[in-house]
Structure formats: C-alpha cells, structure tokens
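What follows is each chain in one-letter form.
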Amino acid sequence: MLTIIAAALAFHAQVADTSPFRALPLPAATRVRSASGAPGPDYWQQRADYVIRATLDTAGSVIRGSERIHYANRSPETLAFVWVQIEQNIFAKNSVTYALNQPPLHFAGGAVFDFTGKGFIGGITIERFRAAGRELARTEYGTMMRVELPRPLAPRGVIDFDVAWHFPVPPYGGGRMGRIGTRLYEIGQWYPRMVVYDDVHGWNPLPYIGAGEFYLEYGDFDVTLTLPAGFLLAATGTVANPLVVWTPQQRARLATGRRSTERVQIVTKAEATAHGAQRTPGTKTWHLTARNVRDFAWAASPDFRWDASAWNGILIQTFYRPDAAPWEEANRMAWFTIKHFSETWGMYPWPHATTVEGLIEGMEYPMLTFVPSLDRREDQYWVLTHEFGHEWFPMMVGSDERRYPWMDEGFNTFIDYGSAEGYFKGTAYGDTVRRELLTDYRVSAVPGAEQPLITKPVESRDLAWTAYQKPALMLTILRDAVLGKDTFEHALREYVHRWSFRHPQPADFFRTMENVSGRDLDWFWRGWVYTTGRLDQAVDSVTAAGDTALVFLSNRGQMVLPVTLELRYADGAAETRDLPVEMWNLGSRFTARLPTARRVVGAVVDPKGAYPDVDRSNNAWPRLEQH
C-alpha cells in the first residue's frame, strides 16, 4: 500500500511540475525584502558620499583628481575589506575586454557599440588610497580593486577614504565616454567608486567588460572641476558658483529660461562659433553639488550652443555643437520627455535634466545624458527620450544593470514607446511605432539561438533583443492582454515608488506587480523571463450544439496567454470574446462554449495580430488557403 501511495504522489508531483502555472522558485521573503514586493522593515543599503577635486589637462588629455569617500556600513555584517570600481582599466593593456577582443554590438538604426578603446591603451593609476593617513593594502583585478581595511568596519560604522588618481582620456571610450580632439570631452566612469554591497550577493565585484553597465550606491557629491577658461560645462548637479563661471548675460538668459516653457538661447549659434575660434588663456574652476544620486558625469567644450526651458520647476537644458542638426528641436523634445515620464511614472526628482550632443551614441547619468546628432527627427527623438528614460530606470530605481539589463534597458524601452507615441501622436510613426516589437520578435526569437531575458549581458548573443526589445514587448503584452492599462500602470508606478533610490531584485518586481494587481503572474514571468517559450494559439474546429457554439482551441506552444477570440456569423456580423488565461488550467486544449442564436461561420484567435504567435496559419477556422 505504501508503495502505491508513494507512486501516486510521485505521479501527481510530476504532473504538477509540468504545469505552466506552477510557482516560480523565487527567493524566500525576508524582513529585508517582503513577500509583497516592498522593501521590508529591516531593508538596508550602503551609502557612499564623494568629495572630488579634479583637473582636466587638455595638453595631454589627462584627468587628475583626488577624492574623499565617506562610506557608511548600514549592513548587519562587519566588513574586513571593501571593493572599489576602477573602470578606466577597461582600456588597460591587459584588460579582459582587450584580451577577448570581442566584435562590436550592432543595434537597430545602425548604432554600433565597440566596448574597446579602438586600440587606445590607457587605464587608471591609483596614486594613493588611505584611511586616517595610513596607506591601505590593495589588489587590482582589472576594473575592480580590493582594499583591505585598517580595522574591521562594524555595522553602523563609517570610514573616510583619501584617494588620488589620474588617467588619460581615450578618444573613444567604449561608446560611453570619450573626446573629440581637445575640443569636446564627455566624461563618465572617471573616478574610483564603491562597489555595491547588498543583502543578496554581498559584494558585487563583477568586472566591467562592456556589455554590462553599472550597479552603484547612492549618496551626495561635492565636485570641483578645473577646466580651460574658455570651456562651458554641463554636468550632474547644481552649479554652486554661478557668478564665477557664467557671464552676466548668460545668467540673465538662464533666469528667463527657468520661467519659459519654450527654449531660450543661453549661448547662440553665432556666440558658440565665436567662442570656438577663441583661445582663452588660463583656467576656470567649477563647483557643483548633487544630492541623492548614484553617479556623477560631465561634458565640456568651448564650442557649445546652450538652450534652456523649464517644466514644473525643472530646468531643461540642451548643449550642442554649432553645426548639430536638428538640435534646435532637441530642447522641446527633452521638455516633452521629462513632462511625459513625470506625469506617467513618477515625478523627476532633481533640479535639472540636461542632454549633450557629441560623439557618444547614447549614454545616461544622473541629470545628464549623452546623445548624438541624427538626421531623422524620429530617430533623434527616440535616442533622446531613451537616454532620459534612464533617469527613471536605473537612476531612480537603482537596479543591478550588470546582471539584469532587462530591468533597466527593457523597462526604459517600454516607457520610451509611450513617450514616442505621445510626441508623434497622430502621425503614421506615432500610431504604429510599437508594432516594430512584433517585427523584432520574428527576426530575433530564433529557436535554438534565442536566450532567456535572465541571461547576463556579457553572456547575451543578441543584447538588443534580450535587454531592450523583448522586455518592452513583454510589458506591452502584460499591459494590453493580461492586466489592462489602468491596473498595469498603477502597479508599475507603485514599483517605481517603492524602489526609487533603492536596489530591487527581479523577485521584488514580480511580487510588486502581482500584489498590487491582485494577479498570480508566475506563469507569465516563467514564459517571458526564464525561458524562451513560444506562443502558438490555434482554432482547431467549430461546431454547434443548439444555441451554443463550441469552439475547440489549443495551445500548441510552451507559452500561455489569454485568448482574444473573434466570432464571425453567417449574417456578416462579428464580435469579440476575451477568454482569461485560466482557460489553460486543465491542459493545452479548451472548448469555449459560447451561447449565440446566430450561426458561426468563422473564428479567429488574436484577430488584431497583437501576440507574437509563431504560426498564424492555424489562428483561423476555417483554414485560410495557403498560396
């Protein structure tokens, strides 16, 4: 008898394990990360504040700096060492990136990201790393550096590091920073910064190879930059010495811009051209402060045009070279973008939103983005709104980009489609742009080659699909087919609210969306995030039983989704019925029993073609003739 019972239990367990609705094996909820998806009562994260003093020497294009890092251990553990990011070592001769010499990544629209320095050999030199006047033992591992503490740092303890460093600025800095000669500098990943220590992985010293971006602690910055006197600066943070760095005319025009919803020219094209022809001797020191940000970046040039406007007290700024086109419209694009994202997903939290035109294909930092000049308005808007969308993901919602780019690039790409639809509303582009996601699916979701979204970026063979487009398609389907617009947007706004200036993990997102929407979505995350399951919904046949139409449906793929069913009647009429995903609870076949007094002569699933169905030849009954 016991043998029979054991066999029966094993059989039922096997059946349960094959169900698409089985529970995801998520990490157990704790008092740090709750079962509801919200930060728990014991949630903690580290803090790092920076005081940086740096100088740009254009003669050799070298940045020299010193910094004080005030590091607070808010974890319950005692730390014997810390990890520090020294990302300029991606351009060192012996870097992992150079050793691998991987081919560039190609993105839609022709953008190419080469994560090398294209032959440039550089790297950062750490001149000192001290605490309380004592040099600390340290070991460099490529773009990461382990530093031994003079004594263990207890919970609630703090330590100040005194650091000095320098590095040569690469002309092409892996697609995320660099310079054009000695006339335009776009600078990111430029100072030693703390690695995140969290409750999930402890230290997170994953190397910076290129494809994976950044995971950073929040804090305050006090930054002083000494630049050539003729340079104009755009940067994270607020300028603390405007009387020193801006002319009276610039300050007056900027005051007007702060009150205007239309662009005000702070530096005109003629003025920028004249400035570029001048050679101003000496240097000028800029002082900036930023509160509650995870990074700091800057750009400088003597040739910048500068436009400004404002929305809801937020200064919207665009800096660009005199010949950049169509950048006269860029300020309006930026204005609309910040307004749209703020009203839809949560208010922009910082005093300015600034974008700089230059050599970088597109990159984001707190309050500051780098965007190229593109000929086509639609392309220009897309890149500009995409980089500003990163102010929400991950500048506000501080996810781990090094592991989960779909929570950063993917969420951002999803909200970008809404922004583009709004800006170009009523045009063919605005009304159809989101349809390209299904086109991308047909091109990129190749059986045997496609990888799950959960794949790390450095292991992804098609990062444009797994990190950008497929997550955007996933959220579009979740909104339009599963939850509905209002429920979905309420849940995603709550996720933004809960995890702004914190470090969410995938389980926190899943649980938030489920708890706020009131829906079990484990089946959805499994199909979209953890597998490459494919959808194939079919109408097998239609019969009638009295005044009831019997529509025999099947789910022939691995992915499950609700069914939208269109019935076509003999009198020429048609109507749509929505069947919830629970229809597949008992297996891959379902009979829809639909009361109707009219004779059904046709049935179609997904009549609008909104799903990534891999075989549309079986979506209709009777079968359409194949030619």
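Just so you know, these numbers come straight off a predicted model, no measurement behind them.

Points about the overall build of the protein
Okay, so step 1: Per the secondary structure count, the protein includes 15 helices and 34 strands.
Okay, so step 2: Scaling as 2.2 N^0.38, a compact globule of 627 residues should have a C-alpha radius of gyration of about 25 Å, and the protein matches this with 27 Å.
Okay, so step 3: Per-residue burial for the protein yields a buried fraction of 58% across its 627 residues.
Okay, so step 4: In the protein, of all internal contacts separated by at least 6 residues, the share reaching a separation of at least 24 is 73%.
Okay, so step 5: Of the roughly 25400 Å² of accessible surface on the protein, a fraction of 54% belongs to carbon and sulfur atoms.

Some details on the side chain of Asp 307
Okay, so step 1: The residue Asp 307 is located in strand β23 (residues 305-311) in this model.
Okay, so step 2: At a separation of 2.8 Å, a polar atom in the side chain of Asp 307 contacts the side chain of Arg 263.
Okay, so step 3: Within the structure, the side chain of Asp 307 is placed 2.6 Å from the side chain of Tyr 320, a separation counted as a polar contact.
Okay, so step 4: Once residues lying within four places of it in the same chain are set aside, the contact partners of Asp 307 are Arg 263, Val 264, Gln 265, Ile 266, Ile 316, Gln 317, Thr 318, Tyr 320 and Asn 331.

Describing the sheet that holds strand β24 (residues 314-320)
Okay, so step 1: Ordered by their spatial adjacency, six strands build an open sheet running β20-β23-β24-β25-β27-β26, and the pairing between neighbours is mixed. Of all strands in the sheet, those bounded by a partner on one side alone are β20 (264-267) and β26 (363-365). Across the sheet, the axes of successive neighbouring strands diverge by a mean angle of 20 degrees, strand direction being ignored.
Okay, so step 2: With respect to the sheet, helix α6 (residues 330-345) is in contact with β23, β24 and β25 (352-357), its orientation differing from that of β23 by roughly 30 degrees.
Okay, so step 3: Across the sheet, helix α7 (residues 377-389) touches β25, β26 and β27 (368-371), and the angle it forms with β27 is around 150 degrees.

With respect to the sheet that holds strand β12 (residues 177-180)
Okay, so step 1: Ordered by their spatial adjacency, five strands build an open sheet running β11-β12-β13-β22-β18, and the pairing between neighbours is antiparallel. On the outer flanks of this sheet lie β11 (172-173) and β18 (232-235), each paired with one strand and no other.
Okay, so step 2: Pairing of β18 with strand β22 (residues 298-301), which is carried by four bridges, proceeds in the antiparallel orientation. Residue pairing across strands places Leu 233 opposite Ala 300, the latter belonging to β22.

Looking at the packing of aromatic side chains
Okay, so step 1: Counting across every chain of the model gives 52 aromatic pairs.
Okay, so step 2: Measuring from centroid to centroid gives 5.1 Å for Trp 306 and Phe 319, while their planes differ by 20 degrees, and the two rings are stacked. Of this pair, Trp 306 sits in strand β23 while Phe 319 sits in strand β24, and the two are 13 residues apart along the sequence. The same class applies to Trp 306 and to Phe 319, which are both buried.
Okay, so step 3: Pairing Phe 411 with Tyr 495 gives two aromatic rings, centres 6.1 Å apart and planes at 75 degrees, and the pair type is edge-to-face. Of the two residues, Phe 411 sits in helix α9 (residues 409-423) while Tyr 495 sits in helix α13 (residues 485-499), which places them 84 residues apart along the sequence.

Things to note about the pattern of salt bridges
Okay, so step 1: Under the defined criterion, the tally for this structure stands at 38 salt bridges.
Okay, so step 2: Its salt-bridge partner being Asp 508, residue Arg 33 comes within 2.6 Å of it at the nearest N-O pair. Highlighted residues: Arg 33 in the loop between α1 (2-17) and β1 (47-57) and Asp 508 in helix α14 (residues 506-517), separated in sequence by 475 residues.
Okay, so step 3: Classification of Asp 508 by relative accessible area gives buried; the value is 1%.
Okay, so step 4: Arg 130 is the salt-bridge partner of Glu 135, the closest N and O atoms lying 3.1 Å from each other.
Okay, so step 5: With relative accessibility at 37%, the residue Glu 135 sits in the partly exposed group.
Okay, so step 6: Here the salt bridges share partners, and the residues they tie into one network are Arg 47, Asp 49, Asp 220 and Arg 291.

Things to note about α14
Okay, so step 1: In this model α14 runs 17 Å from its N-terminal to its C-terminal C-alpha over 12 residues, within 8% of the 16 Å that 1.5 Å per residue would give.
Okay, so step 2: Within α14, 10 of the 12 residues are buried, which leaves the element mostly enclosed by the surrounding structure.
Okay, so step 3: The set of residues buried in α14 consists of Pro 506, Ala 507, Asp 508, Phe 509, Phe 510, Arg 511, Thr 512, Met 513, Glu 514 and Ser 517.
Okay, so step 4: Check the buried side of α14 and you find it contacts α9, α12 (463-483), α13 and α15 (522-530).
Okay, so step 5: Trailing α14 by a residue or two, Gly 518 shows a phi angle of about 75 degrees, which is positive.

Basis of the calculations
Residues numbered from 1 in each chain as written. Predicted model: local features only at pLDDT ≥ 70, side-chain atom pairs only at ≥ 80, totals over all residues. Heavy atoms only, no water. Helix = DSSP H or I, 4+ residues; strand = E, 2+ residues; numbered from the N terminus. Rg over C-alpha atoms; globule rule 2.2 N^0.38 Å. Buried < 20%, exposed > 50% of the residue type's maximum accessible area, 1.4 Å probe, protein only. Contact = heavy atoms within 4.5 Å. Areas by Shrake-Rupley, 256 points an atom, 1.4 Å probe, with all protein chains shown as cover. Polar contact = N/O pair within 3.5 Å; in protein donor to acceptor, adjacent residues only side chain to side chain. Pairing = 2+ DSSP bridges. Axes fitted to C-alpha atoms, helices over the stretch in contact; angles between N-to-C directions. Phe/Tyr/Trp six-rings, centres within 6.5 Å; stacked < 30°, edge-to-face > 60°. Salt bridge = Lys/Arg side-chain N within 4 Å of Asp/Glu carboxyl O. Expected span 1.5 Å × (residues − 1).

Just distances and angles here, no functional claims.
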